[in-house]
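A look at the structure
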Amino acid sequence: MDASDEAIRALTVVPYFTDVDADLVKTIARQTVRQEYAAGQVVFLEGEQGVALYIVQQGWLKAVKMSPDGREQVLHFIGPGEVFNAIGVFVEAANPATVIALEPTTVWVIPQQAILKLLDDYPELARVVIRRLAGRVQQLIAMVEDLSLRSIEARLARYLIEQSTAEQLQRPRWATQAELANRLGTVPDVLNRALRSLAKENLIQVERHQIQILDYKGLEAKAELDK
């Protein structure tokens, strides 16, 4: 399989491009460059120029904002089939956050000028991008609401519900309590107490590589989800 074929396969599983004409996907694939990153490697830093759109083929990364004292707020864990840095590309600004690989990762990169020209030439692609960006803005609004209005137990409960599959959350090797604490806007000790609190209420069971949801409705109530 040559690089173009591999790029096409990677693009066709990305929500941005699943409804896009096959010929357009081939055109986009010709603009992409394959890059690999080791665990812990920085893909780009907040404020850097040279913006591009990134598509994850395999592996996991995190997008973070860094405080002056080095504390992280994880904005998003990014996995296979996801696109990142779209906001930086489409507002034509510097990279808005730092992105770091959590494990060995393969991405496909579309330079900013290439993707902007594709949007000019193919309005149907622009409509798809607008829908996806609107969804991302909604996610960020929900994060602000969580951090400002909900307790750590409620934020944790909400996160477990959103990330769970078949009432369990698999924990990759990189999903340490420190990483989860950074995502929920707290510190590991406080997160650990929140996990123990939910377990004591028989809402979850914490195991080494997964968290089992024992009482889904009870966890929903704890999360203070809108009905």
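Presented here is a report on the structure given in the accompanying data block. Just so it is clear, the model here is predicted, and its values are computed rather than measured.

**What about the overall build of the protein chain?**
Across its full length, the protein chain holds nine helices and eleven strands. Over its C-alpha atoms the protein chain spans a radius of gyration of 19 Å, differing by no more than 12% from the 17 Å that the globule rule assigns to 227 residues. Across its three principal axes, the protein chain shows a C-alpha extent of roughly 55 × 40 × 35 Å. A burial count over the protein chain gives 45% of its 227 residues as buried. Taking contacts inside the protein chain between residues at least 6 apart in sequence as the whole, the part at least 24 apart equals 70%. Summed over all atoms, the accessible surface of the protein chain reaches about 12000 Å², with 51% contributed by carbon and sulfur. In the protein chain, the 25 positive side-chain charges and the 30 negative ones have mean positions that sit 4 Å from each other.

**Quick notes on the pattern of salt bridges**
A complete count under the given rule lists eight salt bridges for this structure. Across the salt bridge formed by R34 and E36, the nearest N and O atoms sit 2.6 Å from each other. Take R34: its relative accessible area is 35%, and that puts it in the partly exposed class. Across the salt bridge formed by D121 and K117, the nearest N and O atoms sit 2.7 Å from each other.

**Brief notes about the environment of A10**
Tracing the chain through its elements places A10 in helix α1 (residues 3-12). For A10, a relative accessible area of 6% puts it in the buried group. C-alpha of A10 to C-alpha of Q57: the two residues are 47 residues apart in sequence and 5.7 Å apart in space.

**Overview of unusual backbone geometry**
Although it is not a glycine, N85 sits at a positive phi angle of roughly 75°. You can call N85 buried: its relative accessible area is 11%. In the Ramachandran plot, N202 falls in the positive-phi region, its phi being about 60° despite a non-glycine side chain. Relative to the helices and strands, N202 resides in the loop between α8 (188-200) and β10 (204-206).

**Quick look at the sheet that holds strand β8 (residues 105-111)**
In spatial order, the strands read β1-β8-β3-β6; together these four strands make up an open sheet with antiparallel pairing. Of all strands in the sheet, those with a lone pairing partner are β1 (33-37) and β6 (83-84), marking the two edges. Taken together, the six bridges between strand β3 (residues 52-58) and β8 define a ladder with antiparallel strand orientation. What sits directly across from V56, in β8, is V107. In the packing of helix α4 (residues 112-121) onto the sheet, contacts are made with β3 and β8, and the angle to β8 comes to roughly 60°.

**Overview of the environment of E6**
Within the secondary structure layout, E6 lies in helix α1. Each C-alpha atom, one on E6 and one on R71, is 37 Å from the other, the two residues being 65 residues apart in sequence. Looking at E6, its side chain comes within polar contact range of the side chain of R34, at 3.2 Å.

**Some details on the nonpolar core**
Here is a general trend for soluble globular proteins: nonpolar side chains tend to be buried in one another's company. If you look at the biggest cluster of nonpolar residues, it comprises 30 residues, and the most contacted ones within it are Y16, F17, I28, I55, F90, I115 and L125. Residue assignment for this core shows that the elements contributing at least two residues are α1, α2 (22-29), β3, α3 (86-90), β8, α4 and α5 (123-149). Sorting elements by how many residues they give to this core places α4 first, with five residues. Setting aside residues up to four positions removed in sequence, I55 forms contacts with L11, V14, F17, E82, V83, T106, V107, W108 and I110. If you look at the next biggest cluster of nonpolar residues, it comprises 26 residues, including A157, Y159, I161 and L198.

How each quantity is defined
Residues numbered from 1 in each chain as written. Predicted model: local features only at pLDDT ≥ 70, side-chain atom pairs only at ≥ 80, totals over all residues. Heavy atoms only, no water. Helix = DSSP H or I, 4+ residues; strand = E, 2+ residues; numbered from the N terminus. Rg over C-alpha atoms; globule rule 2.2 N^0.38 Å. Buried < 20%, exposed > 50% of the residue type's maximum accessible area, 1.4 Å probe, protein only. Contact = heavy atoms within 4.5 Å. Areas by Shrake-Rupley, 256 points an atom, 1.4 Å probe, with all protein chains shown as cover. Lys, Arg positive; Asp, Glu negative; His and termini not counted. Charge placed at Lys NZ, Arg CZ, Asp CG, Glu CD. Salt bridge = Lys/Arg side-chain N within 4 Å of Asp/Glu carboxyl O. Pairing = 2+ DSSP bridges. Axes fitted to C-alpha atoms, helices over the stretch in contact; angles between N-to-C directions. Polar contact = N/O pair within 3.5 Å; in protein donor to acceptor, adjacent residues only side chain to side chain. Core = buried A, V, L, I, M, F, W, Y, C linked by side-chain atoms within 4.5 Å.

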